[in-house]
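# Report on the structure
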Amino acid sequence: MKKLFFFVVMLAELGTLNAQPGTSVKDSAWKKIYRGSYTKINDLVHTKLEVRFDYAKSWMYGKAWITLKPHFYSTDSLTLDAKGMDIKEVSLIKGTTKSRLKYTYNGLQLSVTLDKLYKGAENYTLYIDYTSKPEELEVKGSAAITDAKGLYFINPTGEDKDKPVQIWTQGETESNSVWMPTIDKPNQKSTEEIYMTVPAKYVTLSNGLLISQKKNSDGTRTDYWKMDLPHAPYLFFMGVGDFAIVKDRYKKIDVDYYVEKRYEPVARKIFGNTPEMIGFYEKILGVPYQWPKYDQIVGRDYVSGAMENTTATLHQESAYQNARQLVDGNAWEETIAHELFHQWFGDLVTAESWSNLTVNESFANYSEYLWDEYKYGKDAADEHNLEDMQGYLQSGSEKKDLVRFRYADKEDMFDAVSYNKGGRILHMLRNYVGDDAFFKSLNNYLINNKFKSGEAGQLRLAFEEVTGRDLNWFWNQWYYGSGHPKVVINYNYDSTAGKTFVYIKQTQTGDKIFRLPIAIDIYSGKDKKRYSVWMENKTDTIAFNQSTKPDLVNVDADKVLLWDKTDNKTAENFIHQYKYAPNYLDRKEALDFFNKKNMEELALGLTDKYAGLRRYTINLLSKSKLAADAKIVGCIESIANTEKDKKTKAAALTFLAATKDVKYKPLYNKFAGDSSYSVAGAALEGLSALDPAQSYTLAKKYSADAKGTLGGVVDNILIAEGTEADFDFIAGRYKEAPLSQEKIETTDAFCDYLVKVNDVAKVKKGISYLLNTKESIPEQYRGFTDPMFKAGLARIAKAKPGEVSDYIKNALK
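Presented here is an overview of the structure given in this document.

Rules of the game
- Residues numbered from 1 in each chain as written.
- Predicted model: local features only at pLDDT ≥ 70, side-chain atom pairs only at ≥ 80, totals over all residues.
- Heavy atoms only, no water.
- Core = buried A, V, L, I, M, F, W, Y, C linked by side-chain atoms within 4.5 Å.
- Buried < 20%, exposed > 50% of the residue type's maximum accessible area, 1.4 Å probe, protein only.
- Contact = heavy atoms within 4.5 Å.
- Pairing = 2+ DSSP bridges.
- Helix = DSSP H or I, 4+ residues; strand = E, 2+ residues; numbered from the N terminus.
- Axes fitted to C-alpha atoms, helices over the stretch in contact; angles between N-to-C directions.
- Polar contact = N/O pair within 3.5 Å; in protein donor to acceptor, adjacent residues only side chain to side chain.
- Phe/Tyr/Trp six-rings, centres within 6.5 Å; stacked < 30°, edge-to-face > 60°.
- Lys NZ or Arg CZ within 6 Å of the ring centre and 35° of its normal.
- Expected span 1.5 Å × (residues − 1).
- Salt bridge = Lys/Arg side-chain N within 4 Å of Asp/Glu carboxyl O.
- Patch = residues over 30% accessible without salt bridge, like charges linked within 9 Å, V, L, I, M, F, W, Y side chains within 5 Å.
- Areas by Shrake-Rupley, 256 points an atom, 1.4 Å probe, with all protein chains shown as cover.
- Lys, Arg positive; Asp, Glu negative; His and termini not counted.
- Charge placed at Lys NZ, Arg CZ, Asp CG, Glu CD.
- Parallel < 35°, antiparallel > 145°, perpendicular 65-115°, else oblique.
- Nonpolar A, V, L, I, M, F, W, Y, C, P; charged D, E, K, R; others polar.

This part is about the nonpolar core. Burial of nonpolar side chains together is a common tendency in soluble globular proteins. Core analysis: the largest hydrophobic core is formed by 167 residues, its most contacted members being Y281, W344, Y479, I518, F594 and I796. When near neighbours in sequence (up to four residues on either side) are disregarded, F594 contacts F574, I575, Y578, M599, E601, L602 and L604. Formed by 63 residues, the second largest nonpolar core is a distinct cluster that contains V90, L235, A312 and M413.

As structure tokens, then:
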């Protein structure tokens, strides 16, 4: 699963996030509970389902044939997970004979007394007739997965004319047992058949292959999906809706994209790299894609980011981007890569317990780096690596082990440790053992455990078998330990002794000392020599024989270590590092130093080979004392005119806009209609400071097709310059805008606009839009956003005492 960190990121940018949302557990009893793998008394073998849907009630009528066998010890009983169901019948099937069985049901689990004592490996099949009622089940979600109903009816009666009717499922962690009786544990695997009866106008999607379709006399159709390969119950999936199916292929495998029909023309632009991704992952892993097809579907109101259901990945609607958004780059591409990699790590080999989630999610997280490196180059991958590392370092998760057997709720495992930190640990491991050994070890792990479950210990054994090295120290430190090193690095050259000294001091709290292999490059001019050393003590002093003082000593020369460092280089060292050290982070660190010291060398970044660093430099300069330097402004003007990277061009235009220099007006007019929302938005923002009337006219003109940066600028201009006569237009844009960072940021300005409106009916309508937005935010994040909404509503109430004020007061009760 790709976690949905939208609100966490958004609130951090708005300055309202002081603590990461998660499970708040005052009771510490969970610290004494060991969360190992689930005991296997019975094993799933095969699951056959026949289902039909009651859209009016949001119910699903199901019949299940479940084949099981005792795992090892003989047993005469079975416990199935079956949450919030009406159980009508439980029977044993033998050939054509069906005999009723005794059972008890507590609303969450179905306990069945079998007809006899079954021995290990002796199959038996149960038949269960049931009704699933997901809307009547009280469950809670988490920061990663905002709900846990398992089965979701979206706009089932079609009351919302602007939203399609859909059904989709979400199984992780243990929610598929809301719609099918099963042993809902990650260490179970089952083959699968599903017969879905749906209105004939809709298409369906499930795991495996669509074997047949049968039209029924009542206007419905029954689709038969079959998966012949075993996979975990939480990866079972059903999707139903009015989707266009855009066909694609990888070799002989169907790779299809299920999208709403208005996105059919751009579906290949969004998902079209998928076949290339499959080929790339097959090549580096040495393990062919194992499943019969790979489909992707986009669901409305999805409760997380995306989910790797076997052969049928589900994405949230943020995956949808139009052609202009894609000009700025595919914002969903790393998620697409992440979910695809799960088809190996998570689906082919599945974490045997949520405590070992790292063998699913750390790999999927790192797959994003691997894809970026292959497709867009090492600088782009290293930039992503840094962003993920900072995400972990800022999460306040230093006390959590990567593999942890004690947690309050299994949902708590879906955090910056399992994802971000785990991905960075794999990056260090790859560097330590080398590429050939790293990918051969992954191959070893997958081949030996395919269609089974795995854990971090098995991963260690796979690496040790390939490398011949004992890696317990690495696993104990990074997988079964917590935290990360915090270091201070100092340097000294002793000309008398002819030695260069590097002093590395670990400053993290506590007694834990990290052991790290470190590559150190020592530069004399352009030439460098590499040394491989170990950091093993609280303070390490490392000496190198040097006849002359080096120009640069570059510790962690490959820039792979997960640590928080203070690196006390000189200005001359950083200048040399920027010019000659090869990595993205080498250059970024130097630019950060130049910026901190207000050094003119910061301008070096304007001509960096990587667009991301050129853009980063422009943003630093915009807040720097160097912003008014004529040469720098001239260079940025040139970037605005000639840069090919759209986001970097937009950054240059934004920089120039801050000067409010009228000479750039022709430049803004030139790019205000650019195909890139980022470029067009930056140009329109520049124009708004010089010619408000023209920018207002253009904002109305562009408002029909304004998303991203352009959408935010258009909204701000219309709200700032708009009159009461523009209410329907402005309020309508706010209402229809999808929940996003831009909408939240616009909320404050929309409140100020309502203060200007005199018509009470219009003000109340605008307030209702605010309240709807407020309530659409997932509950666990409202503690961060509610103060902003309340402050805005308070300004409106203060400006409009009486009917409006009373309306607000009643609405907030």
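The next point concerns the sheet that holds strand 24 (residues 486-494). Taken together, 4 strands build an open sheet; the order of strands is 28-25-24-30 and the sheet is mixed. The two strands at the open ends of the sheet, each matched to only one other strand, are strand 28 (539-545) and strand 30 (564-567). Across the sheet, the mean angle separating the axes of adjacent strands is 20° when strand polarity is ignored. In terms of strand pairing, strand 24 meets strand 30 through 4 bridges, oriented parallel. Bridging from a neighbouring strand, I489 pairs with D567 of strand 30.

Moving on: the environment of D218. Note that D218 resides in the loop between strand 13 (209-215) and strand 14 (220-231). Overall, D218 belongs to the exposed group, its relative accessible area being 57%. Linking D218 and P199, residues 19 residues apart in sequence, is a C-alpha distance of 8.9 Å. A polar contact of 2.5 Å, which involves the side chain of D218, links it to the side chain of T220.

According to the stated counting rule, one finds 47 aromatic pairs in the structure shown. Plain terms: the ring middles of Y289 and Y294 are 6.1 Å apart, the flat faces sit at 75° to each other, and that makes the pair edge-to-face. Across the pair, exposure class does not vary: Y289 and Y294 are buried alike. Where F438 meets F439, the ring centres are 5.1 Å apart and the plane angle is 80°; that geometry is what we call edge-to-face. Each of the two residues, F438 as well as F439, counts as buried. Taken together through their ring pairs, the aromatic side chains of F280, Y281, Y289, Y294, F341, W344, F345, F363, W371, Y374 and Y445 make up a single cluster. One residue, K116, lies across the ring of Y118, its end atom 4.9 Å from the ring centre. A cation over a ring is seen here: K743 above Y734, with NZ or CZ 5.0 Å from the ring centre.

For the rest of this paragraph, the subject is the sheet that holds strand 12 (residues 203-206). Taken together, 4 strands build an open sheet; the order of strands is 9-10-15-12 and the sheet is antiparallel. Taken across any chain shown, the strands that pair with only one partner, and hence form the sheet edges, are strand 9 (151-154) and strand 12. Taking each pair of neighbouring strands and ignoring which way they run, the sheet shows an average axis angle of 15°. Where strand 12 meets strand 15 (residues 238-241), 4 bridges bridge the pair, whose relative direction is antiparallel. The residue bridging S206 from the neighbouring strand is M238, located in strand 15.

It is worth spelling out helix 14 (residues 611-622) at this point. At 3.6 residues per turn, the α-helix brings residues three or four places apart onto the same side. With 12 residues, helix 14 extends 17 Å from end C-alpha to end C-alpha; this agrees with the ideal 16 Å at 1.5 Å per step. All of the buried residues in helix 14 are A611, G612, L613, R614, T617, I618, L620 and L621. The secondary structure elements touched by the buried residues of helix 14 are helix 7 (378-393), helix 13 (584-596), helix 15 (630-642) and helix 16 (646-659).

To continue, consider the environment of F655. Counting through the fold element by element, F655 comes out in helix 16. Residues F655 and L602, spaced 53 residues apart in sequence, show a C-alpha to C-alpha distance of 15 Å. Each residue touching F655, except ones within four places of it in the same chain, is listed here: I618, L621, S622, A627, V633 and I636.

Turning our attention to the pattern of salt bridges. Tallied over the full model, the rule gives 53 salt bridges. Among the salt bridges present, the one from D715 reaches R733, with a minimum N-O distance of 2.6 Å. Of this pair, D715 sits in helix 20 (residues 708-721) while R733 sits in helix 21 (residues 727-736), placing them 18 residues apart in sequence. Taken as a pair, D715 and R733 share a single burial class, namely buried. Each of E260, R262, R300 and E317 takes part in one network of salt bridges that share partners.

Taken together, the side chains of E159, D160, D162 and E736 define an acidic patch exposed on the protein surface. Examined against the element boundaries, D162 turns out to sit in the loop between strand 9 and strand 10 (166-169). Here D162 falls in the exposed class, since its relative accessible area comes to 58%.

What follows covers the packing of helix 3 (residues 274-285) against helix 6 (residues 358-376). Two numbers describe how helix 3 lies on helix 6: the axes approach to 11 Å, and their chain directions differ by 105°. In this view, helix 3 runs roughly perpendicular relative to helix 6, as classed from their interaxial angle. Contacts from E276, M277, F280, Y281 and I284 in helix 3 reach S367, L370, W371, Y374 and K375 in helix 6.

This part takes up the packing of helix 13 against helix 14. Helix-helix packing is described using two parameters, namely the angle between the two axes and the distance between the axes. Here helix 13 crosses helix 14 at 10°, and the two axes come no closer than 11 Å. Classified by the interaxial angle, the pair formed by helix 13 and helix 14 is roughly parallel. Between helix 13, through Y584, R587, K588, L591, D592 and N595, and helix 14, the contact on the second element is made entirely by L613, Y616, T617 and L620. Grouping the amino acids of the contact of helix 13 with helix 14 by side-chain chemistry returns 5 nonpolar, 2 polar and 3 charged.

Counting through the fold element by element, F271 comes out in helix 2 (residues 267-271). Along the sequence, F271 and V246 sit 25 residues apart, while their C-alpha atoms lie 9.9 Å from each other. F271 has contacts with Y257, V259, Q296, V298, H315, A319 and I336, leaving out every residue within four places of it along the chain.

Here we come to the side chain of D43. Here D43 shows up in strand 1 (residues 42-54). Among buried Asp, Glu, Lys and Arg side chains, D43 stands out as unpaired, with K40 the closest opposite charge at 4.1 Å. Side chain to side chain, D43 and H71 meet in a polar contact 2.8 Å long. Sequence-distant contacts of D43, defined by excluding residues within four places in its chain, comprise T67, L68, K69, H71 and Q188.

Read these as geometric descriptors, not functional statements.
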